[in-house]
Amino acid sequence: MTAIAWGRALERLWETMYVMFAVLSPRVALSYVDGRSCRFVAMWLLACCFLVACMVVLGGYTRLSGSGLSMPSWQPIMGILPPLSADDWLAHYRAYQATPEYRLMMSDLASFKVIFWIEYSHRLLGRVLGLVFFLPLLFFAWQRYVTREWLVLFSVLFILGALQGLMGWLMVYSGLVDEPQVSPYRLAAHLFLAFLLYGLLFSAMLRWMFPHGIQGEPTPSYPPHPYYTRDTLLTHIYVAFVLFAVTVIFGALVAGNHAGLIYNTYPLMDGSLLPPLDDGRGAWYQQMVTVPGPIQWVHRLLSFLTVLVLFALVYRIEKNRSTPPVIVWSARSLFLVLISQFSLGIATLLYGVPTLLALSHQFGALLLLSMMVWLMFAIKDYQHSFLASLPPPIDNPAQESSSTGRF
Ligand code: HEM
C-alpha cells in the first residue's frame, strides 16, 4: 500500500472511532477537532494505548503458558534479532539449560523453541511500542504540534515505559536465581506500571481527541443538581481509582503466588468466609501479602469494595435527573463492564484459572480502567463546560424533574 492509501485508511479509522464515540452522545459531534494536528496526536496516543493493551495480554499469556523464563539475558538493542541459524538456537538453548527452570522441566529443543517465541514476541512488541511512541513524538515536537507542558508529560511517559522494560527484566531475573518462580512483588510492580502507563496514555488521548470537551457547547436544558457538585463526584471516583489500583496489585499477587488454584469456590473459601491462617508464617497482616489463601481473600474483598464504591457512584449519577445523557450512558456502560469483570474473576477462580478466562479477566481490568477514566473525563468536562455558565441550582425538586425530561 502506498503512503497515501495508508493515510486514507488511518483517516477512515479515525472517523470510525469518532462515530463510535458520537454514539454515546450526539453532542460529541460538536467537539469535532478542527486542526489536523490534534487528530494526529490523538491517533498516535490511541495506537499506543492499543499496543500497551496488547502488551498486557501477551505478557499474561507468556506467564500462563510458562514461557517467561526462556530468555535468561536482556539485551535491549542486540536482542532484537531472533536466533537465525541452528547454531544460534543451540547457543540460546545452552543458556536456557543453565537456568533453574530447565533443571526442573528438562524441556527438549522443540519445546524450548515454542516458549522462546512467546517470550520473544512479548519483548519485541515492547520494542515496537517504544518506537511507535518515540518517533512520532520527535516529529510532533519538531513540528510544534504539542506545547512544552505536553512534551514534558510525554517525556515522563517515555521514561516510565523504559522503566517498565527494566522492571520486566528484574522480574524475570528473580526467577533465574534459585527457584524457577518470579517474585510476585516484582510481577505486581510490573503489572501496576503497565496499568499506570495505560491509564495516563488513555486520559491524554481523550484530551487530544476532544479538545473542546466531550459535551461540546453548554446546554441550558440540564440544570445542575444541588447535591451534585464537581468535587463530590470527582472525590468519589478518585476513591474508586485507589481501590481499583490496590485490587489490581492484589490480582497480580494472586497470579504470582498461583493463589487462583486453591479455594475454587465463591463466596466461601472451604466453607468459611475467611481462609485459615498458617501458624508458622507470621502475623495475620503479614500473611495477607505472603500466603496464597489470605492473598486471594484480600483480592476478593478489595474487588468487592471496588464494585460497591463504583456502584454507589453509578447510583448517584442515575438518581440525579439533571445529569447529561453522556454521563448517564458512560456510567451505565461502566456498570456493565464492572459486573462482567467481577463475574469473569469468579469464573476464572471456579474453573481453576484456564488461560482464556484468566486473559479475559486481565483484559477486563483494562477495559474497566478505560471506562473509569472516560467517566472521570466526562464529569470534569461536564462541570467545566456546563455548570459554570448555568443559572444557580433549582430548589424545587418537582420543578427540577419536570425541566429535565430524562424520565
Ligand atoms: C473489580 C473487580 C476485579 C478486578 C479489577 C480484578 C483485577 C485482577 C487483575 C488485574 C489480576 C491480575 C491478572 C494477571 O496478572 O494475569 C487479577 C487476577 C485474578 N483475579 Fe481478579 N479482579 C477483580 C475481581 C475478581 C474476583 C471477584 C475474583 C474471584 C473471586 C477474582 C479472581 C482472580 C484470580 C483467581 C486471579 C488470578 C488469575 C491468574 O492466575 O492468572 N478477581 N484480577
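Above this text is the structure in question.
Engineer: I'd like to hear about the overall build of the chain, residue by residue, with values.
Structural biologist: The helix and strand inventory of the chain stands at 13 helices and zero strands. Taken from N to C terminus, the helices and strands of the chain fall in the order α-α-α-α-α-α-α-α-α-α-α-α-α. Expressed as a percentage of the 407 residues in the chain, the buried residues total 32%. Long-range pairs, those at least 24 residues apart, make up 79% of the contacts in the chain between residues at least 6 apart in sequence.

Engineer: Let's hear about the packing of helix H7 (residues 184–209) against helix H8 (residues 230–256): which residues, and what values?
Structural biologist: The N-to-C vectors of H7 and H8 enclose an angle of 140°; their axes lie 8 Å apart at closest approach. The orientation of H7 relative to H8 falls into the category oblique. The hand of the H7/H8 crossing is right-handed. Facing Pro184, Leu187, Ala188, Leu191, Phe192 and Phe195 of H7, the residues of H8 in contact are Val248, Ile249, Ala252, Leu253, Ala255 and Gly256. Here the residues of the contact of H7 with H8 sort into 11 nonpolar, one polar and no charged.

Engineer: Could you give me a rundown of the site of the ligand, with the residues and numbers involved?
Structural biologist: Taken together, 28 residues lie near the ligand, and Gly251, Ala255, Gly260, Ser303 and Gly345 sit nearest. Of all the elements in the fold, those that place two or more residues in the shell around the ligand are H8, helix H10 (292–319), helix H11 (325–350) and helix H12 (355–385). Here the shell around the ligand is composed, by residue class, of 15 nonpolar, 12 polar and one charged.

Engineer: I'd like a rundown of unusual backbone geometry, residues and numbers included.
Structural biologist: Between Tyr266 and the following residue, Pro267, the backbone shows a cis peptide bond with an omega angle of 5°. Its place among the elements puts Pro267 in the loop between H8 and helix H9 (284–290). Look at Met106: it is not a glycine, yet its phi comes out positive at around 55°. In the Ramachandran plot, Tyr263 falls in the positive-phi region, its phi being about 45° despite a non-glycine side chain. When you line up the elements, Tyr263 lands in the loop between H8 and H9.

Reading the values: the criteria
- Residues numbered from 1 in each chain as written.
- Predicted model: local features only at pLDDT ≥ 70, side-chain atom pairs only at ≥ 80, totals over all residues.
- Helix = DSSP H or I, 4+ residues; strand = E, 2+ residues; numbered from the N terminus.
- Buried ≥ 20, exposed ≤ 12 C-beta atoms within 10 Å, placed from the backbone.
- Contact = placed C-beta atoms within 7 Å.
- Axes fitted to C-alpha atoms, helices over the stretch in contact; angles between N-to-C directions.
- Parallel < 35°, antiparallel > 145°, perpendicular 65-115°, else oblique.
- Left-handed = near helix turned anticlockwise from the far one by under 90°.
- Nonpolar A, V, L, I, M, F, W, Y, C, P; charged D, E, K, R; others polar.
- Near = placed C-beta within 6 Å.

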